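# Observations on the three-dimensional arrangement
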Amino acid sequence: MALSALIALLSACATPSDPQRETSSPPRPARAPEGNLPKVDWSAERARITRALTGAGDLSVIAHNDGHLQILIPGAEAFARDGVEPRSSLRATLDRISGVLSETPGTEIVVIGHTDGVGSELHNMQLSIRRAEAVVEYMRVRGIALTRLQADGRGETEPFADNGTEAGRAKNRRVEIIVRPFSR
């Protein structure tokens, strides 16, 4: 009797999965951290970030209809196969991005990790999260407040290039960054 009551209680507490979730949509916006964050003129800030980061051959900035910015960082030299530490080319790009994003404390930054298709799905999901966490830590050390940073992983589910070639797999070992104002 007690066991069935415990099972019923645990199943009531479980979070159901959402089959409608789009894999390409960014995680839901976080609430602003406690404290007095300045109100952000998001359209001006979005334009400033886009201007500051556009034109560099190693990344692109996409403004989405819902207002968030997506910073795509090509992955050909971002991570070693099965590695989580950003390589030097990615570190240089992250230094530039961190400098631009540190100027607006009222925005949140979501780092999304990706992998190639080699290995199990579970391993790749865990690896993508660890890559995103490594990038979050790298940006934190460069002055971005941890309260502004989130890490998420997509594993091998959103390939950018063909996983059938080494060059394609290298491009899929990447991170992307979502920037948006905190919801109030």
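The model shown is predicted, which means the values in this text are computed figures rather than measured ones.

The rules behind these values
Residues numbered from 1 in each chain as written. Predicted model: local features only at pLDDT ≥ 70, side-chain atom pairs only at ≥ 80, totals over all residues. Heavy atoms only, no water. Helix = DSSP H or I, 4+ residues; strand = E, 2+ residues; numbered from the N terminus. Expected span 1.5 Å × (residues − 1). Buried < 20%, exposed > 50% of the residue type's maximum accessible area, 1.4 Å probe, protein only. Arc of directions from axis to C-beta. Contact = heavy atoms within 4.5 Å. Axes fitted to C-alpha atoms, helices over the stretch in contact; angles between N-to-C directions. Parallel < 35°, antiparallel > 145°, perpendicular 65-115°, else oblique. Left-handed = near helix turned anticlockwise from the far one by under 90°. Nonpolar A, V, L, I, M, F, W, Y, C, P; charged D, E, K, R; others polar.

## Looking at helix α3 (residues 88-101)
For α3, which comprises 14 residues, the first-to-last C-alpha distance of 20 Å matches the rise-based estimate of 20 Å (1.5 Å per residue) to within 8%. Turning to α3, its buried residues number three or more, namely Leu 90, Thr 93, Leu 94, Ile 97, Ser 98, Val 100 and Leu 101. Summarising the axial view, the buried residues of α3 lie within an arc of 155°, below the 170-degree limit, and thus occupy one face. Residues of α3 that are buried make contact with α2 (42-53), β2 (69-72), β3 (107-113), α4 (121-141) and β5 (175-181).

## Regarding the packing of α2 against α3
At a closest axis distance of 10 Å, the pairing of α2 and α3 adopts a crossing angle of 155°. Relative to α3, α2 is oriented roughly antiparallel. Note that α2 runs across α3; the crossing there is right-handed. In this structure, α2 uses Arg 48, Ile 49, Ala 52 and Leu 53 to contact α3, whose residues at the interface are Arg 96, Ile 97, Val 100 and Leu 101. Classifying every residue of the contact of α2 with α3 gives six nonpolar, no polar and two charged.

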